[in-house]
Amino acid sequence: MDKLLITGGCALQGCVRASGAKNAALPILAATLLADGPVTLTNVPRLRDISTTMALLGRMGASLTQEAADRIRVEPRALTSFIAPYELVKTMRASILVLGPLVARYGEADVSLPGGCAIGARPVNLHIEGLRALGAEVSVDSGYIRARAKRLRGARLFMELVSVTGTENLMMAAALADGETLIENAAREPEVVDLAQLLIAMGARIEGAGTDQIHIQGVERLGGAEYRVMPDRIETGTFLVGAAMTGGKVRVEETRPDCLDAVLQKLREAGAEITTGPDWIELDMRGRRPKAVDIHTAPHPAFPTDMQAQFCALNAVAEGVGVVAETIFENRFMHVPELQRMGADIRVEGNLAVCHGVSGLTAAPVMATDLRASAGLVLAGLVASGETLIDRIYHLDRGYETMEAKLLTLGAHIERISGGNGTLTP
Ligand code: UD1
(Lines give C-alpha, C1' and ligand atoms only; values in the text may rest on other atoms or scores of the structure.)
Protein backbone atom coordinates (compact mmCIF):
# COMPACT_ATOMS: atom_id res chain seq x y z
CA MET A 1 0.00 0.00 0.00
CA ASP A 2 1.50 3.35 -1.02
CA LYS A 3 2.26 6.04 1.54
CA LEU A 4 3.20 9.70 1.29
CA LEU A 5 6.17 11.15 3.11
CA ILE A 6 6.02 14.92 3.57
CA THR A 7 8.66 17.14 5.11
CA GLY A 8 6.86 20.26 6.29
CA GLY A 9 7.99 23.84 6.40
CA CYS A 10 8.04 25.05 2.77
CA ALA A 11 5.72 27.80 1.58
CA LEU A 12 3.91 26.71 -1.60
CA GLN A 13 4.92 28.95 -4.51
CA GLY A 14 4.11 28.78 -8.19
CA CYS A 15 1.55 27.77 -10.70
CA VAL A 16 -0.51 24.61 -11.07
CA ARG A 17 -3.21 23.48 -13.48
CA ALA A 18 -6.56 22.17 -12.24
CA SER A 19 -7.52 18.75 -13.56
CA GLY A 20 -10.98 17.82 -14.82
CA ALA A 21 -13.56 17.42 -12.06
CA LYS A 22 -13.99 13.91 -10.69
CA ASN A 23 -17.55 14.62 -9.58
CA ALA A 24 -18.49 15.86 -13.05
CA ALA A 25 -16.65 13.13 -14.99
CA LEU A 26 -18.35 10.30 -13.07
CA PRO A 27 -21.98 11.19 -13.90
CA ILE A 28 -20.91 12.20 -17.40
CA LEU A 29 -19.38 8.76 -18.01
CA ALA A 30 -22.61 7.17 -16.72
CA ALA A 31 -24.62 9.41 -19.05
CA THR A 32 -22.85 7.96 -22.10
CA LEU A 33 -25.02 4.87 -21.53
CA LEU A 34 -28.02 6.92 -22.67
CA ALA A 35 -26.56 7.64 -26.10
CA ASP A 36 -27.08 5.67 -29.26
CA GLY A 37 -23.85 7.01 -30.74
CA PRO A 38 -20.27 7.53 -29.57
CA VAL A 39 -19.52 10.12 -26.91
CA THR A 40 -16.03 11.63 -26.75
CA LEU A 41 -14.98 13.23 -23.49
CA THR A 42 -11.96 15.45 -22.90
CA ASN A 43 -10.37 16.83 -19.72
CA VAL A 44 -11.16 13.53 -18.00
CA PRO A 45 -8.91 13.24 -14.92
CA ARG A 46 -6.74 10.13 -14.50
CA LEU A 47 -8.10 8.81 -11.23
CA ARG A 48 -8.92 5.51 -9.67
CA ASP A 49 -12.66 6.35 -9.57
CA ILE A 50 -12.53 7.01 -13.31
CA SER A 51 -10.87 3.65 -14.04
CA THR A 52 -13.44 1.94 -11.82
CA THR A 53 -16.26 3.57 -13.81
CA MET A 54 -14.59 2.62 -17.09
CA ALA A 55 -14.28 -0.98 -15.88
CA LEU A 56 -17.96 -0.94 -14.93
CA LEU A 57 -19.08 0.36 -18.34
CA GLY A 58 -16.71 -2.07 -20.08
CA ARG A 59 -18.16 -5.02 -18.21
CA MET A 60 -21.63 -4.03 -19.37
CA GLY A 61 -20.44 -4.22 -22.96
CA ALA A 62 -19.64 -0.60 -23.76
CA SER A 63 -16.49 -0.12 -25.77
CA LEU A 64 -14.12 2.46 -24.32
CA THR A 65 -11.04 3.87 -26.01
CA GLN A 66 -8.49 6.00 -24.22
CA GLU A 67 -7.62 8.24 -27.18
CA ALA A 68 -5.20 10.45 -25.21
CA ALA A 69 -4.28 10.90 -21.56
CA ASP A 70 -7.38 12.98 -20.84
CA ARG A 71 -9.61 11.90 -23.76
CA ILE A 72 -11.98 8.92 -23.72
CA ARG A 73 -14.36 7.74 -26.41
CA VAL A 74 -17.31 5.65 -25.28
CA GLU A 75 -19.34 3.60 -27.73
CA PRO A 76 -22.26 2.31 -25.65
CA ARG A 77 -24.31 0.58 -28.35
CA ALA A 78 -23.52 -3.08 -27.74
CA LEU A 79 -24.53 -3.33 -24.09
CA THR A 80 -25.09 -6.91 -23.00
CA SER A 81 -25.35 -6.64 -19.22
CA PHE A 82 -27.21 -4.23 -17.01
CA ILE A 83 -25.59 -5.14 -13.73
CA ALA A 84 -23.38 -3.05 -11.43
CA PRO A 85 -21.89 -5.73 -9.18
CA TYR A 86 -21.11 -5.37 -5.50
CA GLU A 87 -17.35 -5.76 -5.91
CA LEU A 88 -17.22 -2.56 -8.00
CA VAL A 89 -19.94 -0.58 -6.21
CA LYS A 90 -18.37 -1.18 -2.79
CA THR A 91 -15.17 0.52 -3.97
CA MET A 92 -17.03 3.49 -5.42
CA ARG A 93 -20.49 4.62 -4.33
CA ALA A 94 -20.86 6.79 -7.44
CA SER A 95 -21.51 3.54 -9.39
CA ILE A 96 -25.14 4.16 -8.39
CA LEU A 97 -25.12 6.72 -11.23
CA VAL A 98 -25.64 3.98 -13.83
CA LEU A 99 -29.05 3.16 -12.34
CA GLY A 100 -31.02 5.98 -13.99
CA PRO A 101 -29.41 5.69 -17.44
CA LEU A 102 -29.76 1.88 -17.59
CA VAL A 103 -33.43 1.76 -16.68
CA ALA A 104 -34.27 4.71 -18.95
CA ARG A 105 -32.43 3.40 -22.01
CA TYR A 106 -32.57 -0.39 -21.60
CA GLY A 107 -35.53 -0.87 -19.24
CA GLU A 108 -33.56 -2.84 -16.68
CA ALA A 109 -30.87 -2.29 -14.09
CA ASP A 110 -29.49 -4.40 -11.24
CA VAL A 111 -27.25 -2.18 -9.14
CA SER A 112 -25.71 -3.27 -5.87
CA LEU A 113 -26.70 -1.22 -2.84
CA PRO A 114 -23.59 0.73 -1.87
CA GLY A 115 -23.93 0.23 1.90
CA GLY A 116 -22.48 2.65 4.45
CA CYS A 117 -19.15 4.37 4.13
CA ALA A 118 -16.57 6.00 6.35
CA ILE A 119 -18.28 9.38 6.41
CA GLY A 120 -21.85 8.25 7.12
CA ALA A 121 -24.78 5.98 6.31
CA ARG A 122 -25.39 7.58 2.89
CA PRO A 123 -28.70 5.99 1.88
CA VAL A 124 -29.95 6.00 -1.73
CA ASN A 125 -33.69 6.12 -0.97
CA LEU A 126 -34.15 9.33 -2.97
CA HIS A 127 -32.78 7.69 -6.12
CA ILE A 128 -35.17 4.75 -5.67
CA GLU A 129 -38.24 6.82 -4.81
CA GLY A 130 -37.58 9.12 -7.77
CA LEU A 131 -37.34 6.23 -10.21
CA ARG A 132 -40.58 4.76 -8.83
CA ALA A 133 -42.27 8.13 -9.36
CA LEU A 134 -41.06 7.97 -12.98
CA GLY A 135 -42.90 4.66 -13.33
CA ALA A 136 -40.13 2.10 -12.76
CA GLU A 137 -40.81 -1.01 -10.74
CA VAL A 138 -38.07 -1.10 -8.17
CA SER A 139 -37.39 -3.84 -5.65
CA VAL A 140 -34.50 -4.27 -3.28
CA ASP A 141 -33.38 -7.82 -2.64
CA SER A 142 -30.17 -9.69 -1.89
CA GLY A 143 -28.35 -6.38 -1.60
CA TYR A 144 -29.34 -5.25 -5.09
CA ILE A 145 -31.63 -2.53 -6.41
CA ARG A 146 -33.57 -4.12 -9.28
CA ALA A 147 -35.36 -1.60 -11.49
CA ARG A 148 -37.54 -2.42 -14.51
CA ALA A 149 -39.60 -0.20 -16.83
CA LYS A 150 -40.97 -0.32 -20.38
CA ARG A 151 -40.61 3.43 -20.80
CA LEU A 152 -40.33 5.86 -17.93
CA ARG A 153 -43.02 8.53 -17.66
CA GLY A 154 -42.29 12.16 -16.78
CA ALA A 155 -43.41 13.22 -13.29
CA ARG A 156 -43.10 15.92 -10.67
CA LEU A 157 -40.32 14.85 -8.31
CA PHE A 158 -39.83 16.57 -4.98
CA MET A 159 -36.46 15.79 -3.40
CA GLU A 160 -36.91 15.69 0.35
CA LEU A 161 -33.17 16.36 0.82
CA VAL A 162 -30.80 18.03 -1.60
CA SER A 163 -28.85 15.16 -3.17
CA VAL A 164 -26.20 15.67 -5.83
CA THR A 165 -26.04 12.18 -7.35
CA GLY A 166 -29.80 11.76 -6.67
CA THR A 167 -30.55 14.82 -8.82
CA GLU A 168 -28.11 13.58 -11.49
CA ASN A 169 -29.56 10.06 -11.62
CA LEU A 170 -33.11 11.34 -11.98
CA MET A 171 -32.20 14.02 -14.51
CA MET A 172 -30.54 11.35 -16.69
CA ALA A 173 -33.52 9.02 -16.34
CA ALA A 174 -36.03 11.77 -17.13
CA ALA A 175 -34.10 12.79 -20.26
CA LEU A 176 -35.45 9.68 -22.06
CA ALA A 177 -38.83 9.50 -20.28
CA ASP A 178 -42.14 10.05 -21.97
CA GLY A 179 -43.32 13.59 -21.14
CA GLU A 180 -42.20 16.33 -18.79
CA THR A 181 -40.40 15.98 -15.47
CA LEU A 182 -39.91 18.67 -12.86
CA ILE A 183 -37.25 18.04 -10.21
CA GLU A 184 -37.94 20.27 -7.22
CA ASN A 185 -35.37 20.98 -4.51
CA ALA A 186 -32.74 19.87 -7.01
CA ALA A 187 -29.03 20.09 -6.19
CA ARG A 188 -27.47 23.26 -7.68
CA GLU A 189 -23.86 22.02 -7.75
CA PRO A 190 -21.84 23.08 -10.83
CA GLU A 191 -21.30 19.38 -11.63
CA VAL A 192 -25.09 18.99 -12.07
CA VAL A 193 -24.93 21.83 -14.60
CA ASP A 194 -21.97 20.21 -16.37
CA LEU A 195 -23.90 16.95 -16.70
CA ALA A 196 -26.97 18.82 -17.99
CA GLN A 197 -24.81 20.50 -20.63
CA LEU A 198 -23.50 17.16 -21.86
CA LEU A 199 -27.08 15.80 -21.98
CA ILE A 200 -28.20 18.87 -23.93
CA ALA A 201 -25.30 18.32 -26.36
CA MET A 202 -26.64 14.76 -26.79
CA GLY A 203 -30.08 16.14 -27.66
CA ALA A 204 -31.83 16.33 -24.26
CA ARG A 205 -34.26 19.13 -23.46
CA ILE A 206 -33.34 20.42 -20.02
CA GLU A 207 -33.87 23.83 -18.44
CA GLY A 208 -33.05 25.17 -15.00
CA ALA A 209 -29.94 23.11 -14.12
CA GLY A 210 -28.07 25.18 -11.55
CA THR A 211 -31.34 26.24 -9.90
CA ASP A 212 -33.46 24.17 -7.51
CA GLN A 213 -36.07 23.48 -10.21
CA ILE A 214 -35.00 21.46 -13.23
CA HIS A 215 -37.46 20.97 -16.11
CA ILE A 216 -36.83 18.05 -18.42
CA GLN A 217 -38.87 17.37 -21.53
CA GLY A 218 -38.19 13.72 -22.34
CA VAL A 219 -37.02 12.84 -25.86
CA GLU A 220 -37.20 9.56 -27.83
CA ARG A 221 -33.47 9.17 -28.27
CA LEU A 222 -30.14 10.76 -27.40
CA GLY A 223 -27.20 10.85 -29.79
CA GLY A 224 -23.42 11.01 -29.53
CA ALA A 225 -21.53 14.15 -28.59
CA GLU A 226 -18.14 15.57 -27.82
CA TYR A 227 -17.76 17.25 -24.44
CA ARG A 228 -15.08 18.82 -22.23
CA VAL A 229 -15.42 18.08 -18.50
CA MET A 230 -15.34 21.14 -16.20
CA PRO A 231 -12.33 21.79 -13.93
CA ASP A 232 -12.20 20.38 -10.41
CA ARG A 233 -13.25 23.05 -7.91
CA ILE A 234 -12.35 20.91 -4.89
CA GLU A 235 -8.84 20.20 -6.16
CA THR A 236 -8.48 23.93 -6.90
CA GLY A 237 -9.64 24.83 -3.39
CA THR A 238 -7.27 22.29 -1.84
CA PHE A 239 -4.19 23.88 -3.47
CA LEU A 240 -5.38 27.35 -2.43
CA VAL A 241 -5.78 26.26 1.20
CA GLY A 242 -2.27 24.75 0.99
CA ALA A 243 -0.92 28.14 -0.09
CA ALA A 244 -2.83 29.91 2.69
CA MET A 245 -1.59 27.52 5.40
CA THR A 246 2.05 27.73 4.33
CA GLY A 247 2.10 31.52 3.87
CA GLY A 248 2.76 31.04 0.16
CA LYS A 249 1.60 32.32 -3.22
CA VAL A 250 -0.09 29.99 -5.69
CA ARG A 251 -1.88 30.48 -8.97
CA VAL A 252 -4.30 27.79 -10.12
CA GLU A 253 -4.94 27.85 -13.86
CA GLU A 254 -7.61 26.32 -16.12
CA THR A 255 -10.11 26.50 -13.28
CA ARG A 256 -13.49 28.17 -12.60
CA PRO A 257 -13.42 30.96 -9.98
CA ASP A 258 -17.22 31.34 -10.31
CA CYS A 259 -17.71 27.87 -8.75
CA LEU A 260 -15.68 28.69 -5.65
CA ASP A 261 -17.36 31.79 -4.19
CA ALA A 262 -17.96 30.37 -0.69
CA VAL A 263 -14.43 28.95 -0.47
CA LEU A 264 -12.73 32.13 -1.72
CA GLN A 265 -14.76 34.21 0.74
CA LYS A 266 -13.48 32.08 3.64
CA LEU A 267 -9.90 32.29 2.37
CA ARG A 268 -10.18 36.09 2.23
CA GLU A 269 -11.56 36.04 5.79
CA ALA A 270 -8.49 33.98 6.74
CA GLY A 271 -6.33 36.84 5.50
CA ALA A 272 -5.47 35.77 1.95
CA GLU A 273 -5.20 38.22 -0.93
CA ILE A 274 -7.06 36.71 -3.85
CA THR A 275 -7.20 37.82 -7.46
CA THR A 276 -9.12 36.05 -10.18
CA GLY A 277 -9.33 36.05 -13.96
CA PRO A 278 -11.75 34.22 -16.24
CA ASP A 279 -10.01 30.87 -15.71
CA TRP A 280 -7.47 31.40 -12.94
CA ILE A 281 -7.22 32.19 -9.25
CA GLU A 282 -4.17 33.53 -7.46
CA LEU A 283 -3.79 33.46 -3.71
CA ASP A 284 -1.07 35.42 -1.94
CA MET A 285 -0.61 34.99 1.81
CA ARG A 286 2.52 37.19 2.00
CA GLY A 287 4.09 34.94 4.62
CA ARG A 288 1.31 35.62 7.12
CA ARG A 289 -0.29 33.12 9.47
CA PRO A 290 -3.97 32.52 8.58
CA LYS A 291 -6.79 33.62 10.86
CA ALA A 292 -9.21 30.91 12.01
CA VAL A 293 -12.58 30.91 10.24
CA ASP A 294 -16.04 29.55 11.05
CA ILE A 295 -17.40 27.10 8.48
CA HIS A 296 -20.93 25.81 7.94
CA THR A 297 -21.18 23.15 5.24
CA ALA A 298 -24.36 23.03 3.16
CA PRO A 299 -25.42 22.31 -0.44
CA HIS A 300 -24.10 24.59 -3.20
CA PRO A 301 -23.78 27.59 -3.38
CA ALA A 302 -22.95 27.37 0.35
CA PHE A 303 -19.65 26.01 1.64
CA PRO A 304 -18.91 22.50 0.24
CA THR A 305 -18.53 19.58 2.64
CA ASP A 306 -15.74 18.33 0.36
CA MET A 307 -13.58 21.30 1.53
CA GLN A 308 -14.32 20.86 5.24
CA ALA A 309 -11.33 18.67 6.16
CA GLN A 310 -8.92 21.06 4.42
CA PHE A 311 -10.30 24.01 6.43
CA CYS A 312 -10.01 21.99 9.67
CA ALA A 313 -6.31 21.65 8.82
CA LEU A 314 -6.12 25.40 8.16
CA ASN A 315 -7.87 26.24 11.43
CA ALA A 316 -5.54 23.89 13.27
CA VAL A 317 -2.59 26.22 12.61
CA ALA A 318 -4.49 29.52 12.39
CA GLU A 319 -4.65 32.38 14.83
CA GLY A 320 -7.78 32.26 16.99
CA VAL A 321 -10.71 29.86 17.21
CA GLY A 322 -12.72 28.51 14.28
CA VAL A 323 -15.92 26.51 14.61
CA VAL A 324 -16.65 24.05 11.81
CA ALA A 325 -20.25 22.80 11.47
CA GLU A 326 -20.73 19.74 9.24
CA THR A 327 -24.37 19.51 8.18
CA ILE A 328 -24.20 17.06 5.26
CA PHE A 329 -22.52 13.90 6.57
CA GLU A 330 -22.82 12.68 10.15
CA ASN A 331 -19.36 11.17 10.51
CA ARG A 332 -17.11 13.43 8.56
CA PHE A 333 -14.57 14.34 11.25
CA MET A 334 -12.37 11.25 10.90
CA HIS A 335 -9.41 13.52 10.12
CA VAL A 336 -9.68 15.23 13.51
CA PRO A 337 -8.11 12.46 15.66
CA GLU A 338 -5.28 12.27 13.13
CA LEU A 339 -4.76 16.06 13.25
CA GLN A 340 -4.79 15.81 17.06
CA ARG A 341 -1.94 13.32 16.82
CA MET A 342 0.01 16.07 15.06
CA GLY A 343 -0.68 18.47 17.93
CA ALA A 344 -3.91 20.13 16.76
CA ASP A 345 -6.26 21.41 19.46
CA ILE A 346 -9.66 20.44 18.03
CA ARG A 347 -12.66 19.29 20.04
CA VAL A 348 -15.55 17.52 18.32
CA GLU A 349 -19.03 18.00 19.79
CA GLY A 350 -21.71 16.34 17.67
CA ASN A 351 -21.51 17.93 14.24
CA LEU A 352 -19.21 20.74 15.41
CA ALA A 353 -15.43 20.82 15.47
CA VAL A 354 -14.09 23.61 17.64
CA CYS A 355 -10.55 24.39 16.49
CA HIS A 356 -8.17 26.41 18.69
CA GLY A 357 -5.28 27.29 16.42
CA VAL A 358 -1.82 26.26 17.62
CA SER A 359 1.41 27.91 16.50
CA GLY A 360 2.78 24.74 14.91
CA LEU A 361 2.04 21.08 14.23
CA THR A 362 4.53 18.28 14.64
CA ALA A 363 4.92 15.44 12.17
CA ALA A 364 3.50 12.02 13.03
CA PRO A 365 2.51 8.86 11.19
CA VAL A 366 -1.17 9.31 10.28
CA MET A 367 -3.84 7.33 8.49
CA ALA A 368 -6.06 8.55 5.66
CA THR A 369 -9.68 7.49 6.20
CA ASP A 370 -11.50 8.97 3.23
CA LEU A 371 -10.77 11.06 0.19
CA ARG A 372 -11.07 14.60 1.55
CA ALA A 373 -9.75 13.65 5.01
CA SER A 374 -6.57 12.55 3.22
CA ALA A 375 -6.27 15.96 1.59
CA GLY A 376 -6.57 17.61 5.00
CA LEU A 377 -3.74 15.43 6.32
CA VAL A 378 -1.50 16.23 3.34
CA LEU A 379 -2.02 19.96 4.01
CA ALA A 380 -1.24 19.47 7.69
CA GLY A 381 1.94 17.60 6.70
CA LEU A 382 3.04 20.60 4.61
CA VAL A 383 3.21 22.82 7.71
CA ALA A 384 4.23 20.30 10.38
CA SER A 385 7.81 20.26 11.59
CA GLY A 386 9.46 16.97 10.69
CA GLU A 387 8.41 14.11 8.43
CA THR A 388 4.76 13.14 8.22
CA LEU A 389 4.03 9.68 6.87
CA ILE A 390 0.48 9.28 5.53
CA ASP A 391 -0.79 5.74 5.20
CA ARG A 392 -3.68 4.47 3.04
CA ILE A 393 -3.33 7.14 0.38
CA TYR A 394 -5.33 5.04 -2.05
CA HIS A 395 -8.16 7.26 -0.83
CA LEU A 396 -6.28 10.27 -2.21
CA ASP A 397 -5.65 8.51 -5.53
CA ARG A 398 -9.40 8.07 -5.96
CA GLY A 399 -9.89 11.80 -6.38
CA TYR A 400 -6.67 13.81 -6.83
CA GLU A 401 -4.75 13.50 -10.09
CA THR A 402 -0.97 13.29 -9.48
CA MET A 403 -1.28 15.30 -6.30
CA GLU A 404 2.27 14.79 -5.16
CA ALA A 405 3.68 15.76 -8.59
CA LYS A 406 1.64 18.97 -8.51
CA LEU A 407 2.75 19.76 -4.95
CA LEU A 408 6.37 19.11 -5.97
CA THR A 409 6.11 21.76 -8.67
CA LEU A 410 4.88 24.15 -5.98
CA GLY A 411 8.01 23.47 -3.93
CA ALA A 412 6.69 20.96 -1.40
CA HIS A 413 8.93 18.22 -0.09
CA ILE A 414 6.81 15.18 -0.76
CA GLU A 415 7.46 11.67 -1.99
CA ARG A 416 5.45 8.55 -2.57
CA ILE A 417 6.66 5.42 -0.89
CA SER A 418 5.54 2.49 -2.95
CA GLY A 419 3.86 -0.18 -0.86
CA GLY A 420 5.27 -3.04 -2.89
CA ASN A 421 8.84 -3.21 -1.57
CA GLY A 422 9.12 -0.14 0.60
CA THR A 423 11.37 1.70 -1.90
CA LEU A 424 11.03 5.40 -2.47
CA THR A 425 9.66 6.63 -5.79
CA PRO A 426 9.68 10.33 -6.65
C1 UD1 B 1 -21.93 13.96 -3.79
C2 UD1 B 1 -20.46 14.03 -4.09
C3 UD1 B 1 -19.63 14.07 -2.82
C4 UD1 B 1 -20.12 15.21 -1.92
C5 UD1 B 1 -21.62 15.14 -1.72
C6 UD1 B 1 -22.19 16.33 -0.97
C7 UD1 B 1 -20.29 12.88 -6.22
C8 UD1 B 1 -19.83 11.67 -6.97
N9 UD1 B 1 -20.10 12.88 -4.89
O10 UD1 B 1 -22.16 12.74 -3.08
O11 UD1 B 1 -18.27 14.28 -3.15
O12 UD1 B 1 -19.48 15.12 -0.67
O13 UD1 B 1 -22.30 15.07 -2.99
O14 UD1 B 1 -21.87 17.50 -1.64
O15 UD1 B 1 -20.77 13.83 -6.80
N16 UD1 B 1 -29.10 11.32 1.15
C17 UD1 B 1 -30.19 10.59 1.58
N18 UD1 B 1 -30.83 9.80 0.67
C19 UD1 B 1 -30.43 9.71 -0.63
C20 UD1 B 1 -29.34 10.46 -1.05
C21 UD1 B 1 -28.69 11.27 -0.14
O22 UD1 B 1 -30.58 10.64 2.75
O23 UD1 B 1 -31.04 8.97 -1.39
C24 UD1 B 1 -28.38 12.21 2.12
C25 UD1 B 1 -26.93 11.77 2.32
O26 UD1 B 1 -26.79 10.75 3.29
C27 UD1 B 1 -26.29 13.07 2.75
C28 UD1 B 1 -27.08 14.13 1.94
O29 UD1 B 1 -28.30 13.48 1.55
O30 UD1 B 1 -26.52 13.29 4.12
C31 UD1 B 1 -26.38 14.64 0.71
O32 UD1 B 1 -25.83 13.56 -0.02
P33 UD1 B 1 -25.66 13.56 -1.59
O34 UD1 B 1 -25.73 14.96 -2.12
O35 UD1 B 1 -26.59 12.57 -2.17
O36 UD1 B 1 -24.17 13.03 -1.73
P37 UD1 B 1 -23.65 12.20 -2.95
O38 UD1 B 1 -24.42 12.56 -4.15
O39 UD1 B 1 -23.54 10.76 -2.57
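Residues numbered from 1 in each chain as written. Predicted model: local features only at pLDDT ≥ 70, side-chain atom pairs only at ≥ 80, totals over all residues. Heavy atoms only, no water.

K.L.:
Can you tell me about the overall build of the chain, naming the residues and giving the values?
P.N.:
Looking only at helices and strands, one finds 14 helices and 25 strands in the chain. Against the compact-globule benchmark of 22 Å for 426 residues, the chain has a radius of gyration of 21 Å, which places it among compact chains. Expressed along its principal axes, the backbone C-alpha trace of the chain runs to roughly 65 × 45 × 45 Å. Every one of the 426 residues in the chain was classed for burial, and the buried ones make up 58%. Of the contacts formed within the chain by residues at least 6 apart in sequence, a portion of 73% connects residues at least 24 apart. Carbon and sulfur atoms make up 50% of the accessible area of the chain, which amounts to about 15800 Å² in all. Across the chain, 42 positive and 50 negative side-chain charges occur, with their mean positions spaced 2 Å apart. (Helix = DSSP H or I, 4+ residues; strand = E, 2+ residues; numbered from the N terminus. Rg over C-alpha atoms; globule rule 2.2 N^0.38 Å. Buried < 20%, exposed > 50% of the residue type's maximum accessible area, 1.4 Å probe, protein only. Contact = heavy atoms within 4.5 Å. Areas by Shrake-Rupley, 256 points an atom, 1.4 Å probe, with all protein chains shown as cover. Lys, Arg positive; Asp, Glu negative; His and termini not counted. Charge placed at Lys NZ, Arg CZ, Asp CG, Glu CD.)

K.L.:
Pulling in residues and values, what's your account of the layout of surface pockets?
P.N.:
Where empty space is left can be seen by rolling a probe of water-molecule size over the atoms. Taken as a whole, the second largest pocket holds about 170 Å³ of empty space. Lining the second largest pocket we find 13 residues, and of these Met245, Thr246, Val317, Ser359 and Val383 sit closest to its centre. Looking at the lining of the second largest pocket, the elements that each hand over two or more residues are helix H8 (233–246) and helix H12 (371–383). (1 Å grid on protein atoms, 1.4 Å probe; cavity = no way out; pocket = protein on both sides within 12 Å on 5 of 7 lines; lining within 4 Å. Points joined across faces, edges and corners; volume = space filled by probe spheres on them.)

K.L.:
Please set out the packing of helix H10 (residues 308–316) against H12 residue by residue, giving values where relevant.
P.N.:
Close contact between H10 and H12 brings their axes to 7 Å; oriented N to C, the two are set at 25°. Comparing the axis directions of H10 and H12 gives the class roughly parallel. Helix-helix and strand crossings are classified by hand; for H10 and H12 the assignment is right-handed. When H10 is examined against H12, the residues Ala309, Gln310 and Ala313 are found in contact with a partner set consisting of Arg372, Ala373, Ala375, Gly376, Leu379 and Ala380. A per-class count over the contact of H10 with H12 returns 6 nonpolar, 2 polar and 1 charged. (Axes fitted to C-alpha atoms, helices over the stretch in contact; angles between N-to-C directions. Parallel < 35°, antiparallel > 145°, perpendicular 65-115°, else oblique. Left-handed = near helix turned anticlockwise from the far one by under 90°. Nonpolar A, V, L, I, M, F, W, Y, C, P; charged D, E, K, R; others polar.)

K.L.:
Report on the nonpolar core, specifying residues and quantitative values.
P.N.:
Core analysis: the biggest nonpolar cluster contains 80 residues, and Val98, Leu131, Leu152, Met171 and Leu199 have the highest contact counts within it. Counting residues per element, this core draws most heavily on helix H1 (residues 22–31), which supplies 7 residues. Setting aside chain neighbours within four positions, we find Leu199 in contact with Ala31, Leu34, Met171, Met172, Ala204, Ile206 and Leu222. In terms of nonpolar packing, the next biggest core, distinct from the first, is built from 67 residues, Ala18, Ala243, Ala364 and Leu410 among them. (Core = buried A, V, L, I, M, F, W, Y, C linked by side-chain atoms within 4.5 Å.)

K.L.:
Please give an account of the site of the ligand that cites residues and values.
P.N.:
Around the ligand, a shell composed of 17 residues is seen, among which Asn125, Ser163, Thr165, Asp306 and Ile328 lie nearest. One of the backbone nitrogen or oxygen atoms of Pro123 is found 3.3 Å away from an oxygen atom of the ligand. Asn125 places a polar side-chain atom, nitrogen or oxygen, 2.7 Å from a nitrogen atom of the ligand. The set of elements that each furnish at least two residues to the shell around the ligand consists of helix H5 (125–133) and helix H6 (164–175). The dominant element in the shell around the ligand, judged by the number of residues it contributes, is H5, at 3 residues. Counted by class, the shell around the ligand contains 8 nonpolar, 6 polar and 3 charged residues. (Near = heavy atom within 4 Å. Polar contact = N/O pair within 3.5 Å; in protein donor to acceptor, adjacent residues only side chain to side chain.)

K.L.:
Summarise the pattern of salt bridges; cite the residues concerned and give the values.
P.N.:
Counted by the stated rule, this structure contains 31 salt bridges. Arg286 is the salt-bridge partner of Glu273, the closest N and O atoms lying 2.9 Å from each other. Pair noted here: Glu273 is in strand E16 (residues 273–276) and Arg286 is in the loop between strand E17 (280–284) and strand E18 (295–296), with a separation of 13 residues, a long-range link. Of the charged contacts in the structure, one is a salt bridge between Glu338 and Arg341, with a shortest N-O distance of 3.8 Å. In this pair, Glu338 and Arg341 both sit in helix H11 (residues 335–341), 3 residues apart, roughly one turn of the helix. Under the relative-accessibility criterion, Glu338 is labelled buried at 14%. For Arg341, a relative accessible area of 44% puts it in the partly exposed group. Here the salt bridges share partners, and the residues they tie into one network are Asp2, Asp397, Glu404 and Arg416. (Salt bridge = Lys/Arg side-chain N within 4 Å of Asp/Glu carboxyl O.)

K.L.:
Now, about the side chain of Glu404: what can you tell me, with residues and values included?
P.N.:
Tracing the backbone shows Glu404 in helix H14 (residues 403–409). When its relative accessible area of 11% is taken as the criterion, Glu404 is described as buried. Apart from the residues lying within four places of it in its own chain, the contact partners of Glu404 are Leu4, Ile414 and Arg416.

K.L.:
Requested: an account of the environment of Glu75, with residues and values cited.
P.N.:
Considering the arrangement of structural elements, one finds Glu75 in strand E5 (residues 71–75). The buried category is assigned to Glu75, whose relative accessible area is 18%. Each C-alpha atom, one on Glu75 and one on Gly58, is 9.9 Å from the other, the two residues being 17 residues apart in sequence. Look past the residues within four positions of Glu75 in its chain and what remains in contact with it is Gly37, Pro38, Ala62 and Ser63. A distance of 3.1 Å separates a polar atom in the side chain of Glu75 from a polar atom in the side chain of Arg77.

K.L.:
Give me the lowdown on the pairing of strand E3 (residues 39–42), citing residues and values where you can.
P.N.:
Burial along E3 is two-sided: Val39 and Leu41 facing one way and Thr40 and Thr42 facing the other are all buried. With 3 bridges connecting them, E3 and E5 associate as antiparallel partners. Within E5, the residue paired with Leu41 across the bridge is Ile72. Bridging between E3 and strand E14 (residues 225–228) involves 4 bridges; their strand directions are parallel. Paired with Thr40 across the bridge in E14 is Glu226. (Pairing = 2+ DSSP bridges.)

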